[in-house]
Amino acid sequence: MNLNTNKRGIVFFLAFLFTTSVTFATTPPNWQNAQWIWQQEDGPSNTWMSFRKTITVEELPEIVEAHIAVDSKFWLWINDEMVIFEGGLSRGPSQAGDWNRKEKITPTNSWYETVNIQPYLKKGENTIAILVWYWGRETHKGTHIDSGKGGLLFSAQIGDQKLVSNGSWKAKQHPGYDNTIAPASKSLVQYSVKFDAQKAMNDWSENAWYTSNFDDSNWQKATEKGKAGVAPWYNLEPNIVPQLINHGLNNYTNHNDLQFPFISKGQVIKCKLPFNKQITPYLEVEAKAGDTIFVTTDNRLNKITATYITKSGTQKFESFSWMNGNEIRYTIPKGVKVKALKYRWMSVGEMVGKFEVEDPFYNRLWWMGNNTLFVCARDNFMDCPDRERALWIGDVADQTGYLFYSMDNAGRQLLKKAILQTMSFSQDGVIGALGPLRVRELVAQSLQFIAQGIWPYYLNTGDKETLQKVYPFVYEYLALFPMQENGLPKYRIRQSPDAWDWVDWGVKKTADKEPIQMAFYYLALNKAKEMAEVLGKETHAKWYEKRMKTMKPAFEKAYWKDGFYSSNKDKLKDDRANAIAIVSGIANPKFHNQIVDNVLIPNRFSSPHFEWLAEEAMCIANRHKASLERMKDQYQSQVDKKSMSTLYEMFPRGGSYNHAWNGSNKILSKYIAGVAPTKVAWSEFQILPNLVHFKQLKKVIPTVKGNIIIDLEVKDNAYQLELISPENTTAIIGIPKTDKSITEVFANGKLIWKKGRKKKSVKGLIFDSENKDFLKFKAQSGTWKIDASYK
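Residues numbered from 1 in each chain as written. Predicted model: local features only at pLDDT ≥ 70, side-chain atom pairs only at ≥ 80, totals over all residues. Heavy atoms only, no water.

Attention shifts here to the overall build of the protein chain. In terms of helices and strands, the protein chain carries 14 helices and 35 strands. For 791 residues, the compact-globule formula gives about 28 Å, and the C-alpha radius of gyration of the protein chain, at 28 Å, lands near that figure. On the principal axes, the C-alpha backbone points of the protein chain span a range of 85 × 60 × 55 Å. Of the contacts formed within the protein chain by residues at least 6 apart in sequence, a portion of 75% connects residues at least 24 apart. Total accessible area computed for the protein chain in this model is approximately 29,900 Å², and 47% of it derives from carbon and sulfur atoms. Averaged over its 102 positive side-chain charges, the protein chain has a centre that lies 4 Å from the centre of its 83 negative ones. (Helix = DSSP H or I, 4+ residues; strand = E, 2+ residues; numbered from the N terminus. Rg over C-alpha atoms; globule rule 2.2 N^0.38 Å. Contact = heavy atoms within 4.5 Å. Areas by Shrake-Rupley, 256 points an atom, 1.4 Å probe, with all protein chains shown as cover. Lys, Arg positive; Asp, Glu negative; His and termini not counted. Charge placed at Lys NZ, Arg CZ, Asp CG, Glu CD.)

Structure (structure tokens):
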């Protein structure tokens, strides 16, 4: 346990770089002769730097991959056409050296993007233009590590021709952007935008600075700052998250009501989005010079705004610093002719997952939960997209619960990034709950991340390589907990320099912290044991097993108070502690119903961070109806508020109105629809629905094997399932008994079961098992229609 965490992190990520770069590029990047370039000055903060390069291309290969690294974001045009709208990531894939906390120095490697630019090139003269936005700051929320120098690094091989960034490129600090404005907030690294069109370079016009016919003869040559690998950018690591999807400029939903064009009366113009999105606002106006237009959102916590100072005549503008909300609000001076107001939505992948029942409450709750997950994902999974955009790993663990039922591959890769970054920036064995810059230990979140972040990532993806890389950090952290004579680990509090003894918001003075931490530790041991077994670490697996065997009776002896678990039965009857006791498996199953009746039904102390765990505990206790009722009670006021499209940080409302930890969609997917992987990477999955009062259910699950599509219908004496399952999967299909006797079962029109006996065999489908709740069959991939009748 005396391993040097920082040095191990460097080795870990060098291995990561070597093994993953070929996944995202046809050929590994060749940075030879490429130089980091900028202006003579290293910054300053909030600088927008324009770069241009004109080249002649004689022959066009089938693929031309450009590798691009920046601090902090970039926009790329080739031959007047936009290629990438917002590339790059907040910095900090991994450490490049020892962390000097006293001097606040974190040597950090850099991300690079790989882009196929071949479709945008032509034979003859080509113009490449790149806008780079350098943030130049860090915050105590730790989502971005500033290099201290703005920079662009570019490399592309065009047939026999090598194109790299160097002193031959033209560079100019964009004069339209005001970089003297104050930061948006102390918690955000991103700035608002203040843009003066009178100082600009014909942006959003046919002769803009990024077009081929622009005259850059008076621009200075770029200043070379050093080759790839030099400080402060260090090694280059591939961005493993797919590039953002550009949904283009779109009209607001109330576009027709605004009746363009119109003359502004000086009032606030409210433009409605279809739901709460991350957007960049756009406008087209006719104005005199010097008018000021201000853009913000309806979100009271929004800190990112746009200020546009007009030039004379017709003009366009789009603010490239994204904001979010349900409404985008433009304040346009009186007399300005407004020709168009639009927005651009950029997203991390697509929300492929679906859930639909005949009850509109749960449909809308699912939709709001999906929107909340989506608006909290971009450079990283965020707690919220407004006040801080921070990667709290407990929030990420909550998001993990339902991202595999909602997001496509981009979501899976974003979770991988969160796991790799978190582990790379751990220190002295501590898995920090806020990363990557700050190792702030919230013990419950670190334990939760192991069990409900790392393990589900492996289970759902089968990415053993990542599991191998992060597992040593898991073991090292769990070994920090000394066992006591009573059979439980010592309660961990303030044993690291940056600790916070916090488990949840919710109702004040109701959180029973000791049993919560014990149960989370037990759950982390359980999942770490499964990791060790996958990786062939038998000694570790036995170590975890021994601790678990010791803890289970000790937990009951210490906390069971004749009807519920508590460290102080006279003061604490906590739904959170009792919920995680069930979910972790440390609770005695014979107590489940008592816990539900005595605690989880009457007590509502949790915030949404723990709410989904209470609902999950009720389902594990086979109390699905009670779980749905609690879910409805907790979220009813939010679902009823039609102006809302995302979910609050607090119950019934409070904090941010789009907070990442609302996880009821997991309950609807895993326990009500009953769909979950039973083997790694969805090679086998189960459909064991508990529909309660629902009569119809439609479900789409985006897995690494492909989409699973389910259509269920229940009638008085009949049950019907239509299933499309992807290749290389096996589905365990459970026909629910619901206190009835199953008389007949047909598969694709053939009778396979009658009065308790197997009948004809159907290719690709076999009988599996039967218990008091389900009659189960195993079906190979393909399309299936199962019809069952009841007596």
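Overall, the coordinates contain eight cavities of 30 Å³ or more when judged by the stated rule. Classifying every residue of the lining of the largest cavity gives five nonpolar, six polar and six charged. Counted as a void, the second largest cavity has a volume near 100 Å³. As for the second largest cavity, its lining consists of 14 residues, of which G88, L89, P242, Q243 and L244 are closest to the centre. Of the residues belonging to the lining of the second largest cavity, the class tally is five nonpolar, four polar and five charged. (1 Å grid on protein atoms, 1.4 Å probe; cavity = no way out; pocket = protein on both sides within 12 Å on 5 of 7 lines; lining within 4 Å. Points joined across faces, edges and corners; volume = space filled by probe spheres on them. Nonpolar A, V, L, I, M, F, W, Y, C, P; charged D, E, K, R; others polar.)

All right, on to the sheet that holds strand 4 (residues 73-78) then. Strand order in the open sheet formed by six strands is 5-4-7-2-10-12, and the pairing between neighbours is antiparallel. The sheet is open, and its two borders are formed by strand 5 (81-87) and strand 12 (220-221), each paired with just one other strand. Across four bridges, strand 4 lies against strand 5 in antiparallel orientation. Bridging across to strand 5, W77 finds its partner in M82. (Pairing = 2+ DSSP bridges.)

A few words now on helix 13 (residues 624-640). Helix length check: helix 13, at 17 residues, gives a terminal C-alpha distance of 23 Å against a target of 24 Å (1.5 Å per residue), a fit within 8%. Of all bends in helix 13, the biggest is about 50 degrees, found at Q634. Turning to helix 13, the residues buried within the fold contact helix 3 (360-375), helix 10 (575-584), helix 11 (592-600), helix 12 (608-620) and helix 14 (664-672). (Expected span 1.5 Å × (residues − 1). Bend = angle between axes of the 7 residues up to and from the residue.)

The omega angle of the peptide bond from F260 to P261 is -10 degrees, so this bond is cis rather than trans. Mapped onto the fold, P261 is located in the loop between helix 2 (255-258) and strand 16 (262-263). In this chain, G435 is followed by P436 through a cis amide linkage whose omega measures 5 degrees. Looking at the secondary structure, you find P436 in the loop between strand 25 (434-435) and helix 6 (443-461).

This next bit is on the packing of helix 11 against helix 12. The geometry of helix 11 relative to helix 12 is characterised by a closest axis approach of 9 Å and an angle of 140 degrees between their N-to-C directions. In this structure, the crossing between helix 11 and helix 12 has a hand that is left-handed. Of the residues in helix 12, those in contact with H592, V596 and L600 of helix 11 are A614, A617, M618 and I620. (Axes fitted to C-alpha atoms, helices over the stretch in contact; angles between N-to-C directions. Left-handed = near helix turned anticlockwise from the far one by under 90°.)

This next bit is on the nonpolar core. Core analysis: the biggest nonpolar cluster contains 203 residues, and Y330, L341, L478, L600 and V745 have the highest contact counts within it. With twelve residues, helix 8 (residues 513-534) is the single largest residue contributor to this core. Ignoring any residue separated from it by four or fewer positions in sequence, one finds L478 in contact with L447, I450, Y521, A524, L525, A528, W543, Y544 and R547. Judged by nonpolar contacts, the second largest core, of 30 residues, contains V64, I117, A171 and A222. (Core = buried A, V, L, I, M, F, W, Y, C linked by side-chain atoms within 4.5 Å. Buried < 20%, exposed > 50% of the residue type's maximum accessible area, 1.4 Å probe, protein only.)

It is worth spelling out the environment of K670 at this point. Within the fold, K670 resides in helix 14. By relative accessible area, K670 is classed as partly exposed at 29%. Taking the C-alpha atoms as reference, K670 lies 49 Å from D203; in sequence the two are 467 residues apart.

Once that is clear, we can look at the pairing of strand 5. Of all seven residues in strand 5, five are buried; the element is thus mostly enclosed. Hairpin connection between strand 4 and strand 5: a loop of two residues separates the two successive antiparallel strands, and N79 in this loop has a positive phi of roughly 50 degrees.

Let us now look at the packing of aromatic side chains. One pair of aromatic rings is described through two measures. These are the centre distance and the angle between the planes. In the structure shown here, the tally under the stated rule is 58 aromatic pairs. Between W502 and W661, the ring centres sit 6.1 Å apart and the planes meet at 10 degrees, which makes this aromatic pair stacked. Taken together, the residues span a long stretch of sequence, with W502 in the loop between helix 7 (464-478) and helix 8 and W661 in the loop between helix 13 and helix 14 at a distance of 159 residues. This pair shows no difference in class: W502 is buried, exactly as W661 is. Seen from their ring centres, Y565 and F591 are 6.4 Å apart, and the 70 degrees between their planes marks the pair as edge-to-face. With Y565 in the loop between helix 9 (538-559) and helix 10 and F591 in the loop between helix 10 and helix 11, the pair connects residues that are 26 residues apart, well separated along the chain. When sorted by exposure, Y565 lands in the same class as F591, which is buried. (Phe/Tyr/Trp six-rings, centres within 6.5 Å; stacked < 30°, edge-to-face > 60°.)

On to the pattern of salt bridges. In a structure, side chains of opposite charge can pair up when their charged atoms sit close to one another. All chains considered together, the criterion is met by 41 salt bridges. A salt bridge links R344 to E318; the shortest N-O distance between them is 2.7 Å. With R344 in strand 22 (residues 337-347) and E318 in strand 20 (residues 313-318), the pair connects residues that are 26 residues apart, well separated along the chain. Classification of R344 by relative accessible area gives buried; the value is 11%. Ionic pairing is found between R387 and E649, a salt bridge with its closest N-O pair at 2.8 Å. Of the two residues, R387 is situated in the loop between helix 3 and strand 24 (391-392) and E649 in the loop between helix 13 and helix 14; the sequence distance between them amounts to 262 residues. Owing to a relative accessible area of 4%, E649 belongs among the buried residues under this scheme. (Salt bridge = Lys/Arg side-chain N within 4 Å of Asp/Glu carboxyl O.)

Function cannot be inferred from these measures alone, as they are strictly geometric.
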